[in-house]
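# Reading the structure
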Amino acid sequence: SMRLQTLWRTVAGMMLYHPALEAHAAVQRIPNGALAQDGIWDPSVCFSCIVSMQNYKQFDPIKIAQTNRMFDKFPNSLKVAYIDQTDLFPAAAEDPHQAVRNHATMDGVHKKQRRRYFSCLIDKHCAPLSDARRVPKFKVGGGTTPASSCVASSASVSTPTREHISSKCCFCLVS
């Protein structure tokens, strides 16, 4: 689609910052210094391009394939943020209104809200699902209580610290 073509061009332009950082590091290296060896410093350590694709969850297979092509083209620095949602399905035997009130009380969200929303982050290194989407590296939201405000999608993923976030130079694009 025209919108994804425009996004692709914008991301490709932003990703030129990555080789620019590599060139800058090569020029600034001390000839016999520790950083003079190839492979010691990676620009991905200090540069990320985060693209906001709010509707990623609803993408058709063609858009998913195009997104995965972007991950293949820019594997180290491209990340995608999107909105995920979970509907509350009360058990058939329960009173639906009581089940929603109980669940809302448990996670601190308004009792009439039947859907929970999450902010998710994926990149090239996230495991692919059967439909070619990716398992989120981070999944944040869903409730207002501290226990439910940050949910990592796997046990091996930790919540980023303030130092980790502030050490990155991020460019955010909204699709």
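Above this text is the structure in question.
Described in the following lines is the structure provided in the data block. (Residues numbered from 1 in each chain as written. Predicted model: local features only at pLDDT ≥ 70, side-chain atom pairs only at ≥ 80, totals over all residues. Heavy atoms only, no water.)

So, on to the overall build of the protein. In terms of helices and strands, the protein carries six helices and six strands. Scanning the protein from its N terminus toward the C terminus, one meets helices and strands in the order α-α-β-α-β-α-β-β-α-β-α-β. Buried positions account for 30% of the 175 residues belonging to the protein. For the protein, the share of sequence-separated contacts (at least 6 apart) that also reach a separation of at least 24 residues comes to 65%. Here the protein has roughly 11,100 Å² of accessible surface; of this, 59% comes from carbon and sulfur atoms. (Helix = DSSP H or I, 4+ residues; strand = E, 2+ residues; numbered from the N terminus. Buried < 20%, exposed > 50% of the residue type's maximum accessible area, 1.4 Å probe, protein only. Contact = heavy atoms within 4.5 Å. Areas by Shrake-Rupley, 256 points an atom, 1.4 Å probe, with all protein chains shown as cover.)

The terminal C-alpha atoms of helix H2 (residues 17–28), which comprises twelve residues, lie 16 Å apart, in line with the 16 Å expected from a rise of 1.5 Å per residue. Taken together, the buried positions of H2 are His18, Leu21 and Ala25. Each buried residue of H2 lies within a common arc of 60° when the element is viewed along its axis, so the set occupies one face. Those residues of H2 that are buried lie in contact with strand S1 (47–52). (Expected span 1.5 Å × (residues − 1). Arc of directions from axis to C-beta.)

With that settled, consider the side chain of Lys79. On the secondary structure map, Lys79 appears in strand S2 (residues 78–87). Classification of Lys79 as buried rests on a relative accessible area of 14%.

Buried together is how nonpolar side chains tend to be arranged in soluble globular proteins. Ranked by size, the top nonpolar core spans 22 residues in total, and within it Leu7, Val11, Val51, Met53, Tyr56, Leu78 and Ile122 carry the most contacts. Put simply, the parts of the chain that give this core at least two residues each are helix H1 (2–14), S1, helix H3 (61–73), S2 and strand S3 (115–123). (Core = buried A, V, L, I, M, F, W, Y, C linked by side-chain atoms within 4.5 Å.)

Moving on, we get to the pairing of S2. Pairing of S1 with S2 involves four bridges; the strand directions are parallel. Each residue of the ladder has a partner; that of Cys49, found in S2, is Leu78. The sheet contact formed by S2 and S3 spans nine bridges and is antiparallel. Looking at S3, one finds that Ala81 is bridged to Leu121. (Pairing = 2+ DSSP bridges.)

This part takes up H3. Helix length check: H3 (13 residues) gives 18 Å between terminal C-alpha atoms against 18 Å at 1.5 Å per residue, within 8%. Of all the residues in H3, the buried ones are Ile64, Thr67, Asn68, Met70 and Phe71. Each buried residue of H3 sits inside an arc of 150° when the element is viewed along its axis, so together they form one side. Exposed residues lying more than 90 degrees from the buried face of H3 are Ile62, Arg69 and Lys73.

Note that Arg134 resides in the loop between S3 and strand S4 (138–141). For Arg134, a relative accessible area of 9% gives the class buried. The sequence separation of Arg134 and Lys124 amounts to ten residues, and the corresponding C-alpha distance is 8.4 Å. Not counting chain neighbours up to four residues away, the residues in contact with Arg134 comprise Tyr56, Asn68, Phe71, Tyr82, Ile122, Asp123, Lys124, Cys126, Ala127, Pro128 and Leu129. A polar contact of 3.0 Å, which involves the side chain of Arg134, links it to the backbone oxygen of Cys126. (Polar contact = N/O pair within 3.5 Å; in protein donor to acceptor, adjacent residues only side chain to side chain.)

On to the pattern of salt bridges. Taken as a whole, this structure holds six salt bridges when the rule is applied. A salt bridge links Asp84 to Lys139; the shortest N-O distance between them is 3.4 Å. Of this pair, Asp84 sits in strand S2 while Lys139 sits in strand S4; the two residues are 55 residues apart in sequence, bridging distant segments of the chain. For Lys137, the salt bridge goes to Asp123, with nearest N and O atoms at 2.6 Å. Of this pair, Lys137 sits in the loop between S3 and S4 while Asp123 sits in strand S3, placing them 14 residues apart in sequence. The exposure class assigned to Lys137 is partly exposed, which follows from its relative accessible area of 27%. (Salt bridge = Lys/Arg side-chain N within 4 Å of Asp/Glu carboxyl O.)

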